[in-house]
Amino acid sequence: MSKFFFQALWLNPLILTASLTVASSAVAQVQSGSEAQFPLVDEMSQSEPTALSQVTSVSQLSDVRPTDWAFQALQSLVERYGCIVGYPDKTFRGNRAMTRFEFAAGLNACLDRVNELIAAATADLVKKEDLATLQKLQEEFAAELATLRGRVDALEARTATLEKQQFSTTTKLSGEAVFGIAGVAAGNTINGREVSKNTIVGDRVRLNFDTSFTGKDLLRTRLQASNLAVLPAARDNGDLLTREGNFRFAGEGNNEVGIDALLYQFPLGEKTTVTIEVNAGAIDDFTDTLNPFLDGDGATGALTHFGTRNSIYYLVNGAGLGIRHSFGDKLELSLGYLANDPATPTNGSGLFNGAYGAIAQLTFKPSDKFGVGLTYIHAYNNDFTANGSVGSTLANFREATGLPTSANAYGVSASFQLSPQFVLNGSVGYTNARTLSGLRGDFDIWNWQVGLALPDLGKKGNIAGIIVGQEPKVTGASGGFDRDRSTSLHVEGFYQYQLNDNIAITPGVVWLTAPDHNSDNNDVVIGTVRATFTF
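What comes next is a walk through the structure.

So, how was this worked out
- For every chain, the first residue of its written sequence is number 1, and the numbers climb from 1 along that sequence.
- Thresholds applied to this predicted model are a pLDDT of at least 70 for local features of residues and 80 or more for the giving and counting of side-chain atom pairs; totals over whole chains, interfaces and linings are not thresholded and use all residues.
- Only hydrogens and water are removed before side-chain values are computed, so all heavy atoms of the structure are retained for them.
- Under the DSSP-based scheme used, a helix requires at least four consecutive residues in state H or I and a strand at least two consecutive residues in state E, with every element numbered from the N terminus.
- Only protein chains enter the calculation, and the probe is 1.4 Å; a residue is then buried if its accessible area is under 20% of its type maximum, exposed if over 50%, and partly exposed in between.
- Note on contacts: a residue pair is in contact if any heavy atoms of the two residues lie within 4.5 Å.
- The method behind every accessible area is Shrake-Rupley, applied with a 1.4 Å probe, and residues are considered shielded solely by the protein chains displayed.
- Definition used for salt bridges: Asp or Glu carboxyl oxygen within 4 Å of a side-chain nitrogen of Lys or Arg.
- None of His or the chain ends enter the tally, which takes Lys and Arg as positive and Asp and Glu as negative.
- As used in this structure description, the phrase polar contact means that two N or O atoms lie within 3.5 Å; if the pair is within protein, one of them must be able to donate a hydrogen and the other to accept it, and residues adjacent in sequence are counted only when both atoms belong to side chains.
- Side-chain rings of Phe, Tyr and Trp (the six-membered ring for Trp) are treated as a pair once their centres are within 6.5 Å; stacked means planes under 30 degrees apart, edge-to-face means over 60, and tilted covers the remaining angles.
- For two strands to be treated as a pair, DSSP must find no fewer than two bridges joining them.
- With a 1 Å grid laid over protein atoms only, a set of points is called a cavity when a 1.4 Å probe fits there but cannot get out and a pocket when it is open yet has protein on both sides within 12 Å along at least five of seven lines; lining residues have an atom within 4 Å of a point.
- Grid points are joined across faces, edges and corners, and a volume is the space filled by probe spheres set on the points.
- As used here, the term nonpolar core means buried Ala, Val, Leu, Ile, Met, Phe, Trp, Tyr and Cys residues forming a set that is joined through side-chain atoms within 4.5 Å.

Here we take up the overall build of the protein chain. The helix and strand inventory of the protein chain stands at nine helices and 22 strands. Considering the protein chain as a whole, with its 535 residues, one finds that 41% of them fall into the buried category. When contacts within the protein chain are restricted to residue pairs at least 6 apart in sequence, long-range pairs at least 24 apart make up 63% of them. Working note: accessible area of the protein chain is about 26900 Å², and carbon and sulfur atoms make up 58% of it.

Structure, rendered in structure tokens:
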């Protein structure tokens, strides 16, 4: 290149400014004439301006191809003159509109290059007019350049603060606090004892520490404290009168903090996930309960244990192993074994000699709107009280008899989303339990429920729900044991109002007809207001 051409291109900012303006106009004309060839907007075009960085070769720009119509011009500006900068992710984004900030940054790079050439050249190569023009351009864009420097300085300060104050590079902290106020609004006696109608208030607080070592695994450590008693209770000493209608978010205690859930979950190949449960494990850690919008584990959705999921699921809890294997997009198999008291070394306890529950479930989801699960559970020395609180007094066979028992349970659960705002759920369960020593007998126990969820009712994020069903009931018994003579219906309704992303208020009511499956008992109506805070 001749010396004259070199000076004309680099030492005259007027030529450079005019060239950038003409190029910008030309690109706009080409874009408006052919949308297919040069799309106007990409996914980055609406983002905030980001810092630009100098590149020394056009090959460093990942989105520039030799077939691009401006490739030769870019190659010349980058490799011959060093006057073009790219984004930190090594892209040029040539098909998007240029902001004034980006123009200022690009122009500044060229002006820096001009200053370098001026300093290296002799005085007679630079005209006073060029210097005056250069000074004028610098003054015109001084505000934009100062703004960019301020934004970069602020980002650097914020980044330094986050790096200094972050909890952990691998652990995420999340929390959940549930406040509940509840009381019995109607119903006088159950099983000959007067029902307490005192209004109570309590809480359940959880802190989850979720750690990942590979990005695909999960180590969850949960701290939990609670103090909300279950209802309905006797007026004289607070004893539980029936396990029907108990809230999922309730928990005995005096807000002592302890380890609740403790598990490690990791993939085994592309289609299998293994969950090691060490404490307070439940089937929803590795099994689909097929109750979307209603199964929120007490914090959201249904208010009660019964409304949250199929009652037979409560036969499995504790510590052990869960496996979830996908055969494709539509079929899944869940297997699990959990022991109730695995840490106790005495006889009749431990991982394999004490109470336990084992589950196998085949889940079929032909579409995102419909799913059905077929469940089999085998339980030893276990009933519905271990991880939940559902059913009549007689239905909790181990607690009722005080004898070692064995049970086999079979269940069907389904969910059908008729529309985005209308989801129908249902489940049915049959449990056959048998005493293993002392007075021998068998129990036939049935439960069922139908639930309706109305997502986004009134406002996005809200949920309304109605649940009707029969909590576990002994329909037949042998060996001299009693069966439930009446049928109690569980009717539950709630409306979860989402105040914002972190706070939800849920008023609700639970109506039990013939509590404890005994028509001699008064109907009981329990009211509650649940407030859930998440962070």
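So, about the pattern of salt bridges. Inspection of every chain in the model, using the stated rule, returns 15 salt bridges. Here Asp260 makes a salt bridge to Arg222, at a shortest N to O gap of 3.4 Å. Taken together, the residues Asp260 in strand S8 (residues 258-267) and Arg222 in strand S7 (residues 218-226) connect sequence positions 38 residues apart. Classification of Arg222 by relative accessible area gives buried; the value is 11%. One network of salt bridges, with partners in common, ties together Arg193, Asp236 and Asp239.

Here Arg530 shows up in strand S22 (residues 524-534). No salt bridge forms around the buried Arg530; measuring N to O, its nearest opposite-charge neighbour Glu492 is 6.9 Å away. There is a polar contact of 3.3 Å between the side chain of Arg530 and the backbone oxygen of Ala302.

Okay, the packing of aromatic side chains next. This model, assessed by the stated rule, comprises 13 aromatic pairs. With a centroid separation of 6.3 Å and an interplanar angle of 80 degrees, the aromatic rings of Phe384 and Phe397 are classed as edge-to-face. Of this pair, Phe384 sits in the loop between strand S15 (370-380) and helix H9 (397-401) while Phe397 sits in helix H9, and the two are 13 residues apart along the sequence. The same class applies to Phe384 and to Phe397, which are both buried. Taken together, the ring pairs in this structure connect Tyr337, Phe352, Tyr356 and Tyr380 into an aromatic cluster.

The side chains of a regular strand alternate, residue by residue, between the two faces of the sheet. Looking at chain direction, strand S3 (residues 171-186) and strand S6 (residues 200-211) are connected through 12 bridges and run antiparallel. Bridge assignment links Leu173 to a residue of S6, and that residue is Phe209. One ladder, built from eight bridges, connects S6 with S7; its direction is antiparallel. Counterpart to Asp210 in the pairing with S7 is Arg220. What sits between S6 and S7 in their antiparallel hairpin is a turn of six residues, with Gly215 showing a positive phi close to 95 degrees.

Negative phi characterises most residues that are not glycine, and trans characterises most peptide bonds. Backbone torsion omega between Leu231 and Pro232 reads 0 degrees, so that peptide bond is classified as cis. Secondary-structure assignment places Pro232 in the loop between S7 and S8. One non-glycine residue, Phe293, lies in positive phi territory at about 75 degrees. Structurally, Phe293 can be placed in the loop between strand S9 (272-282) and strand S10 (295-296). The class for Phe293 is partly exposed, based on a relative accessible area of 34%. The phi dihedral of Asn381 is positive, around 55 degrees, even though this residue is not glycine. Taking the relative accessible area as the measure of exposure, Asn381 reaches 15% and is therefore buried.

Moving on: empty space enclosed by the protein. Considering all chains together, one arrives at two cavities of 30 Å³ or more under this definition. Estimated volume of the largest cavity: approximately 50 Å³. Every residue lining the largest cavity is listed: Thr289, Leu290, Asn291, Arg309, Asn310, Ser413, Ala414, Asn425, Gly426, Ser427 and Gln449. Contributions of two or more residues to the lining of the largest cavity are made by strand S16 (405-419) and strand S17 (422-435). Of all the elements, S17 adds the most residues to the lining of the largest cavity, at three residues.

Attention shifts here to the environment of Val114. Mapped onto the fold, Val114 is located in helix H4 (residues 100-120). Between the alpha carbons of Val114 and Leu134 there is a distance of 9.0 Å; along the sequence they are 20 residues apart.

This paragraph deals with the nonpolar core. The nonpolar side chains of soluble globular proteins are, as a tendency, buried together. Counting 26 residues, the largest nonpolar core has Phe247, Phe249, Leu294 and Ile526 as its most contacted members. Here the element with the most residues in this core is S3; it accounts for three residues. Discounting chain neighbours no more than four positions away, the residues touching Ile526 are Gly183, Val184, Leu231, Pro232, Gly245, Phe247, Gly508, Val509 and Val510. Judged by nonpolar contacts, the second largest core, of 24 residues, contains Phe286, Leu338, Ala433 and Phe481.

Take the side chain of Ser415 next. Looking at where Ser415 falls in the secondary structure, it is placed in strand S16. Of note is the side chain of Ser415, whose polar atom sits 2.9 Å from the side chain of Asn425. Ignoring sequence-local partners within four residues, the contact set of Ser415 consists of Leu290, Pro292, Lys369, Phe370, Gly371, Val423, Leu424 and Asn425.

With that settled, the discussion passes to the pairing of strand S19 (residues 463-477). Buried residues dominate S19, accounting for 11 of its 15 residues. One ladder, built from 12 bridges, connects strand S18 (residues 442-455) with S19; its direction is antiparallel. Bridge pairing in S19 places Phe443 opposite Ala477.

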